[in-house]
Amino acid sequence: MGEGVSIAVVGSGYVGLVAAACFAEIGHRVVCVDNDEGKVRMLREGGVPIHEDYLPELLNRHRANRVEFTTDLKAATEGAQAIFIAVGTPQSETGSADMSYVDAVASEIARSIGDYKVIVEKSTVPVYTNEWIRKVLERNGVPQDLFDVASNPEFLREGTAVVDFLHADRIVLGAETERAAALLRAIYEPLTSGAYYRTAHAVPGARSADDPPPVLLTTTKAAEIIKHASNAFLAAKISFINVVANICEAAGADVEDVARGMGMDTRIGPKFLRAGIGYGGSCFPKDVAAFRHVAEQMNIEFGLLEEVEKINAEQKRRFFRKVRAALWTFRGKKIAALGLAFKGGTDDVRESPALEIVELMLREGAMVRAYDPAAAARASETIPAGEQMQYLDDAYEAARDADAVVILNDWQEFAELDLKRLRAALRYPIVVDGRNLFDPEAMAAQGFTYLSVGRPVAHPVREAIHSR
Ligand code: UDX
């Protein structure tokens, strides 16, 4: 796969760290920069601060030869041909993305540019950010021919980020000059040519040497909008199916059938039509708000996005009311809460619907016995363990003597629970499932009262008292 490109990745959060590990995996030399000294030390010593499939393996494979960690942005910039900015763009009070970290990094990079560099936005940023970065560099005296600003948005889902990177649906490259486009193309060439998939230790996934990911080359502005529009659209799809689920509940239909039927239309597609307790995480809530703000600033009505947010907020409260209705009241009740992260497969609790629902239950006096395979430590930073809130080591422990089980995210482990064991642990066999992990009939046959989202309530099948 040739010599590889010298890359600096600024920011070693979810996006930066995964991108750095994957760039090294496809043959580049990567310096990962973060201003958090503790994090850099941990990464140097072999630690991995986030829970992400394949990430420890890739970092172990390439640490010390193709990927290094440093706090020194100046040195990293000097040695790099391409600098990927992957720092946070958190939501500000107005809903817009807070660009101060990007601004600060751009100014610092400006002070260290001695030869041509491509500066690439990797974080999700509002349209026009590339122009701002350009302005910051120019204001700091960097000559125009020494840099280009490009956009290469990521479409990584947490938990499967490495596979999403190496087996991407598409690679979007936003660039204004042939020189910048050529460097970006060279960076992704091991993937787009299919060469990576022929290597001995390639991470397995949907792509192969015969079916490599396509590249879409656009302007930087279009690339910036593609990212926001994609996430906003996916969030809209989820809110849409959630309202349809509520209609199904009222009508006595099953939303899983409805979603299947809708998804078979290739124009709609089957993905992101899982009804539940609403979307969360570090991207969708923030990106919907930021995109709405972008439209607002352009005097463009995008009320649809406000609706998407409203529906999402209501979906969580609606589920909470469903749990309450199943129990009559929360006071004095013990609830086993399965799932704390915003979805299964991650330890991330940012904007987690699960945590919000746990908080509502606590507020109404419930005792919560919570279990999540990875997110308990993070969750306890928001909701500390105490008399009302306990963190347990497995689902059956959490269920012990509980008045009901509430399922709040979709870890595979939950879908594979031994139902007999679960039932035996519970005080009352009630399961309220916010992620539709079980078949209602099977739950009824196991003796559960089973409430889920957008499907009829299933009641335990009892032996007939009088035989005919
Ligand atoms: C998302 C995007 O998928 C990714 O492309 C982008 O780069 C970052 O944001 P992520 O936040 O990791 O990734 O999670 P994702 O798997 O997309 O799920 C987001 C939320 O939507 C979760 O809370 C999930 O439970 C929920 N969801 C997803 C549903 O409620 N229904 C669905 O059908 C799909």
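Each remark here, short or long, concerns the structure printed above.
Every chain begins its residue count from 1, and numbering advances along the sequence as written. Reporting of local features is limited, given that this is a predicted model, to residues whose pLDDT is at least 70; pairs of side-chain atoms are given and counted only at 80 or more, and all residues count toward the totals for whole chains, interfaces and linings. Only hydrogens and water are set aside; all other atoms, that is, all heavy atoms of the structure, feed into the side-chain values.

Asker: Any chance you could explain the site of the ligand here in plain terms?
Answerer: Taken together, the neighbourhood of the ligand is formed by 18 residues, with Glu158, Lys227, Arg274, Gly280 and Lys343 sitting nearest. Here Lys227 contributes a side-chain N or O atom positioned 3.0 Å from an oxygen atom of the ligand. Distance and chemistry together define a polar contact, namely a pair of N or O atoms within 3.5 Å, with one atom able to donate a hydrogen and the other to accept it when in protein, and with adjacent residues in sequence counting only for side-chain atoms on both sides. Separating an oxygen atom of the ligand from a side-chain N or O atom of Lys343 is a distance of 2.9 Å. The Shrake-Rupley method, run with a 1.4 Å probe sphere, supplies the accessible areas, and residue values consider only the shown protein chains as cover. Protein contacts shield 96% of the accessible area of the ligand, which totals 660 Å² for the unbound molecule. Here a strand is any run of E in DSSP of at least two residues, a helix any run of H or I of at least four, and the numbering for each starts at the N terminus. For the shell around the ligand, the element with the most residues is helix H9 (residues 220-251), which contributes three residues. Nonpolar residues are Ala, Val, Leu, Ile, Met, Phe, Trp, Tyr, Cys and Pro. Charged residues are Asp, Glu, Lys and Arg, and all others, Gly as well, are polar. Its residues assigned to classes, the shell around the ligand shows nine nonpolar, two polar and seven charged. Domain limits in this description derive from either an automatic procedure or a database domain assignment. Of the residues that make up the shell around the ligand, three or more belong to each of domain 1 (6-218) and domain 2 (223-468). A single heavy atom is enough: if one lies within 4 Å of a molecule or strand, its residue is considered near that molecule or strand.

Asker: Explanation requested: a nonpolar patch on the surface in the structure shown.
Answerer: Residues Tyr128, Trp132, Met298 and Ile300 make up a contiguous nonpolar surface patch of roughly 420 Å² in combined accessible area. Examined against the element boundaries, Ile300 turns out to sit in the loop between helix H11 (284-297) and helix H12 (303-327). Relative accessibility decides the category of a residue: with a 1.4 Å probe and only protein chains considered, values under 20% of the type maximum give buried, values over 50% give exposed, and everything between is partly exposed. On the basis of relative accessible area, Ile300 is assigned to the partly exposed category, the value being 46%. Two distance rules govern patches: like charges are joined within 9 Å, and nonpolar side chains (Val, Leu, Ile, Met, Phe, Trp, Tyr) within 5 Å, applied only to residues with over 30% relative accessible area and no salt bridge. Put simply, a salt bridge is a Lys or Arg side-chain nitrogen that is within 4 Å of an Asp or Glu carboxyl oxygen.

Asker: What's the story with H12 in this structure? I'm lost.
Answerer: What sets the pattern is the α-helix's 3.6 residues per turn: residues three or four places apart point alike. Between the first and last C-alpha of H12 there are 37 Å, a value that for 25 residues agrees with the 36 Å anticipated at 1.5 Å per step. Here H12 has its buried residues at Leu305, Val308, Asn312, Gln315, Lys316, Phe319, Phe320, Lys322, Val323 and Leu327. In the stretch just after H12, Trp328 is the one whose phi turns positive, near 80 degrees. Under the convention used throughout, the expected extent of a helix is 1.5 Å for every residue step, that is, one less than its residue count.

Asker: Help me understand the packing of helix H1 (residues 14-25) against helix H3 (residues 55-62), please; the structure alone is not making it clear to me.
Answerer: In a packed pair of helices, the relevant descriptors are the angle between the two axes and the axis-to-axis distance. The geometry of H1 relative to H3 is characterised by a closest axis approach of 9 Å and an angle of 50 degrees between their N-to-C directions. One element, H1, and the other, H3, form an angle in the oblique class. Seen along the crossing, H1 lies across H3 with a hand that is left-handed. Within the contact between the two elements, H1 uses Leu17, Val18, Ala21, Cys22, Ala24 and Glu25 and H3 uses Leu55, Leu58, Leu59, Arg61 and His62. Across the contact of H1 with H3, the residue classes break down as eight nonpolar, one polar and two charged. Orientation is described by lines fitted to C-alpha atoms, with helices fitted over the stretch in contact, and by angles between N-to-C directions that extend from 0 to 180 degrees. Any angle between 65 and 115 degrees counts as roughly perpendicular, while under 35 counts as roughly parallel, over 145 as roughly antiparallel, and the rest as oblique. Here is the rule for handedness: rotate from the far helix to the near one, and if that takes an anticlockwise turn smaller than a right angle the crossing is left-handed, while a clockwise turn gives right-handed. Should any heavy atoms of two residues lie within 4.5 Å, those residues are counted as being in contact.

Asker: Mind showing me how you'd approach the packing of aromatic side chains here?
Answerer: The geometry of an aromatic ring pair comes down to the distance between the two centres and the angle between the two planes. Note on aromatic pairs: the rings of Phe, Tyr and Trp (six-membered ring only in Trp) are paired at centre separations within 6.5 Å, and the planes decide the class, stacked below 30 degrees, edge-to-face beyond 60, tilted for the rest. Under the definition given, this model contains 11 aromatic pairs. Relative to Phe302, the ring of Phe291 has its centre 5.8 Å away and its plane inclined at 65 degrees; by these criteria the two rings are edge-to-face. Of this pair, Phe291 sits in helix H11 while Phe302 sits in the loop between H11 and H12; the two residues are 11 residues apart in sequence, bridging distant segments of the chain. A relative accessible area of 28% means that Phe302 is categorised as partly exposed. Chaining the aromatic ring pairs together yields one cluster made of Phe23, Phe84, Phe165 and Tyr188. Its end group placed over the ring of Trp132, Lys135 keeps NZ or CZ at 4.3 Å from the ring centre. The cationic tip of Arg421 hangs over the ring face of Tyr396; the distance from NZ or CZ to the ring centre is 3.8 Å. The criterion for a charge sitting over a ring is simple: Lys NZ or Arg CZ within 6 Å of the ring centre, and within 35 degrees of the ring normal.

Asker: In this structure, what is going on with the side chain of Lys117? I would like to understand it.
Answerer: Its location among the elements puts Lys117 in strand E5 (residues 117-121). Separated by 2.8 Å, the side chains of Lys117 and Asp115 make a polar contact.

Asker: Explanation requested: the environment of Glu121 in the structure shown.
Answerer: The topology assignment puts Glu121 in strand E5. The exposure class of Glu121 is buried, given its relative accessible area of 3%. Expressed as a C-alpha distance, the spacing of Glu121 and Glu224, which sit 103 residues apart in the sequence, is 8.7 Å. Residues contacting Glu121, with those up to four places away along its chain left out, are Ile85, Thr129, Asn130, Ile133, Val149, Ala150, Ser151, Asn152, Pro153 and Glu224.

Asker: Got a minute to help me understand the environment of Ala425 in this structure?
Answerer: By the element assignment, Ala425 lies in helix H17 (residues 419-425). Residues Ala425 and Ala385, spaced 40 residues apart in sequence, show a C-alpha to C-alpha distance of 22 Å. Residues in contact with Ala425, not counting those within four places in the same chain, are Tyr396, Ala399, Arg400, Asp401 and Ala402.

Nothing here speaks to function; it is all geometry.
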